[in-house]
Amino acid sequence: MNLATVIWNMDPVAFSIGSLELRWYSLLFVTAFIAGYVILNKVVFEKEKVPTNYLDTLAFYVFLGVLIGARLGHCLFYEASYYLSNPIEMFLPVKITDDGWRFIGYQGLASHGGAIGILVVVWLYSRKTKDVYQLENGNVLLKFKDDCTGKDGVFDPGENTVGLTIEGIGRANLETSILFFEVLKEAGIKTHYVAANVEEATMEVLPAKVFGKGLEVICRLKATGSFIRRYGDYIADGTELPGGYVECTFKNDAKGDPLVTCEGLEALGVMTREMFESMKAQTLKITHIVADELAKKGLDLYDIKFEFGYNNDEVILIDEIASGNMRVYKDGKIVDTMDLTAMILGK
């Protein structure tokens with residue numbers, strides 16, 4: 001008997017249903033992913049009281065990283081010449097034969113390729129516009145960074161991924177948020193804002209849980225943008241919307257940030273009608289306060305985007321109030337986001 005030798009000849013198929021085979025390797029990948037999610041949630045996120053929506057986003061990134069990395073790892077590390085000649089087989093569960101395409105499922109995942117994929121996506125995930133830290137007093141510390149949302153090196157507040165770095169933008173966004181949060185505080189409106197340190201580009205906030213997997217609330221004072229694209233047959237661009245018009249969208253780039261009604265939010269269990277009415281009332285009040293502050297500088301607010309959460313069952317404004325979240329005009333012309341920040345701060 002040679003105990004130093006391992007004969008690896010077990011059946012790779014755990015079980016099959018008809019022509020569909022579930023292999024041990026795939027099963028272990030799925031098990032490891034589920035176990036990792038549960039452990040991170042229990043040991044890190046719940047213990048540190050970090051909102052679980054951050055974990056959901058991270059888990060999505062990691063899932064893609066593992067799947068793509070493991071597949072590319074197998075194809076390029078072990079059979080590079082074949083797959084480079086047949087690249088479509090890297091991504092589709094088929095094999096190209098003389099008789100045409102034959103479904104074979106995904107056969108070939110390399111764990112070290114998956115590990116590389118995780119490192120890449122965690123690095124991408126870390127490039128958020130803010131870092132989040134749990135404080136001993138139960139509050140949360142937001143660290144504003146100079147990374148900005150955008151695409152192809154061009155600043156775009158509508159994007160949800162980091163596209164470029166602009167020196168000083170993190171501190172400028174923080175200063176803008178402080179200005180408006182202090183105004184709201186004086187008006188008696190509770191938000192998640194507690195305190196801030198401009199030099200360190202940090203803001204202390206109350207812990208709050210987001211609604212669903214991310215909900216954006218838009219208040220429109222004048223019709224423009226996507227509102228006109230949807231309803232342009234009934235209203236002209238720039239038409240005033242008396243009192244303000246509030247609408248909500250789910251954060252979901254793949255589905256184009258779909259609109260959702262109060263009834264929809266209630267039916268989906270995202271929030272109660274009472275929560276919605278509170279959020280709507282706060283949105284209208286905050287929007288008019290921001291509009292009045294901008295009007296003092298000769299600026300005309302057309303629309304603005306907020307994010308709300310709940311803290312101790314109370315709906316409050318969270319995130320930031322920065323130039324990238326609002327559409328502002330001066331003398332009939334839209335103001336560039338960077339120029340707007342300078343105007344608000346008087347720089």
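As the structure is a computational prediction, the values presented were derived from the model and not from experiment.

Calculation notes
Residues numbered from 1 in each chain as written. Predicted model: local features only at pLDDT ≥ 70, side-chain atom pairs only at ≥ 80, totals over all residues. Heavy atoms only, no water. Salt bridge = Lys/Arg side-chain N within 4 Å of Asp/Glu carboxyl O. Helix = DSSP H or I, 4+ residues; strand = E, 2+ residues; numbered from the N terminus. Buried < 20%, exposed > 50% of the residue type's maximum accessible area, 1.4 Å probe, protein only. Contact = heavy atoms within 4.5 Å. Axes fitted to C-alpha atoms, helices over the stretch in contact; angles between N-to-C directions. Parallel < 35°, antiparallel > 145°, perpendicular 65-115°, else oblique. Left-handed = near helix turned anticlockwise from the far one by under 90°. Nonpolar A, V, L, I, M, F, W, Y, C, P; charged D, E, K, R; others polar.

Trainee: How would you summarise the pattern of salt bridges if you had to cite specific residues and measurements?
Mentor: The final tally for this structure, using the stated rule, is 11 salt bridges. The residue Lys 222 makes a salt bridge to Asp 300 at a minimum N-O spacing of 2.8 Å. Taken together, the residues Lys 222 in strand S13 (residues 215–222) and Asp 300 in strand S16 (residues 300–311) connect sequence positions 78 residues apart. Classification of Asp 300 by relative accessible area gives partly exposed; the value is 29%. Salt-bridge contacts for Glu 266 lead to Arg 273; the nearest nitrogen and oxygen are separated by 3.3 Å. For Glu 266, a relative accessible area of 38% puts it in the partly exposed group. Sharing partners across several salt bridges, the network here consists of Arg 220, Arg 230, Glu 247, Asp 303 and Arg 327.

Trainee: I'd love a proper account of the environment of Ala 223, names of residues and values included.
Mentor: By secondary structure assignment, the location of Ala 223 is in the loop between S13 and helix H7 (226–231). The exposure class assigned to Ala 223 is buried, which follows from its relative accessible area of 0%. Expressed as a C-alpha distance, the spacing of Ala 223 and Gly 244, which sit 21 residues apart in the sequence, is 9.8 Å. With sequence-adjacent residues up to four places away left out, Ala 223 is seen in contact with Ile 228, Ile 235, Ala 236, Asp 237, Gly 238, Thr 239 and Leu 241.

Trainee: Tell me about the packing of helix H6 (residues 169–186) against helix H9 (residues 273–295), and name the residues and values.
Mentor: For the pair H6 and H9, the least separation of the axes is 11 Å and the interaxial angle reads 120 degrees. Looking at the two axes, H6 sits oblique to H9. Crossing of H6 over H9 shows right-handed handedness. Where H6 approaches H9, its residues Phe 180, Val 183 and Leu 184 are matched on the opposing element by Ile 286, Ile 289, Val 290, Glu 293 and Leu 294. Taken together, the residues of the contact of H6 with H9 break down into seven nonpolar, no polar and one charged.

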